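Chains, contacts and geometry: an overview
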Amino acid sequence: MSLLRISALSLLIVLSGCSAWSVQQPVAVPAGSWAEYQLEMAAITDWELSGKIGIRTPDDSQSANLYWQQLDQQYAIEMTGPLGQGGARIVGQPGDVKISIAGEGDYQASSPEALMYDTLGWAVPVQQIQWWVRGLPSPDSPFQHQLSNNRLSQLHQDGWQVNYLRYSQHDRYTLPGKIRLSRDTLSITLIIKEWTALR
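Residues numbered from 1 in each chain as written. Predicted model: local features only at pLDDT ≥ 70, side-chain atom pairs only at ≥ 80, totals over all residues. Heavy atoms only, no water.

**So, the overall build of the chain**
- Regarding its fold elements, the chain presents four helices and eleven strands.
- For the chain, buried positions account for 36% of its 199 residues.
- A separation of at least 24 residues holds for 39% of the contacts in the chain among residues at least 6 apart in sequence.
- In the structure as shown, the chain presents an accessible area of about 11,200 Å², 53% of it carried by carbon and sulfur atoms. (Helix = DSSP H or I, 4+ residues; strand = E, 2+ residues; numbered from the N terminus. Buried < 20%, exposed > 50% of the residue type's maximum accessible area, 1.4 Å probe, protein only. Contact = heavy atoms within 4.5 Å. Areas by Shrake-Rupley, 256 points an atom, 1.4 Å probe, with all protein chains shown as cover.)

**What about the packing of aromatic side chains?**
- Evaluation of the coordinates by the stated rule reveals five aromatic pairs.
- Ring geometry for Trp 34 versus Tyr 37: centroids 6.2 Å apart, planes at 20°, classification stacked. One end of the pair, Trp 34, and the other, Tyr 37, are both in helix α2 (residues 34–42), three residues apart, so they sit about a helical turn from each other.
- Grouped by ring-pair contacts, the aromatic residues Trp 47, Trp 68, Tyr 173 and Trp 195 constitute a single cluster.
- Positioned above the aromatic ring of Trp 131, the side-chain terminus of Arg 134 is 4.4 Å from the ring centre. (Phe/Tyr/Trp six-rings, centres within 6.5 Å; stacked < 30°, edge-to-face > 60°. Lys NZ or Arg CZ within 6 Å of the ring centre and 35° of its normal.)

If you want it as structure tokens, here you go:
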């Protein structure tokens, strides 16, 4: 066998060994990928946002300024402006929710959705939205989704269709800037102007 053929054969064996070795290594998550985004945003459990909320039903259309603070499982949601009743504040944690409506008083229940429906005539899916506003599906139930540029563009979960219409940059985070939720005859539009991770 010629020296040239021996050298070529040796090089082929070395390259084959390198290839087999590299296949066994863990695959790094690419920067900006959907998997990386989910890990980063799920780790942020304390945050606040402000913006606007629009509610549309077959019989009515309302809007209000929105402030939402989430501290792990505890939340405080303020809606001020028209909203028919003049505004509402919802504070709670799993199993214990209170809503205060301007000019009407305080109400308490175990479910924010049931309490909002009874007092306001519509309900925001509080437990799910705290994930959706971070551009994540809720981990508590099955879902279907579509991605665009490694971010959610559409999500179907718990009977809701969530359309992500715009993303915005807040500090180093790219987060939903405009979201539209629809279920049956109810449509909710969220416009998020400011978003801050609290720690």
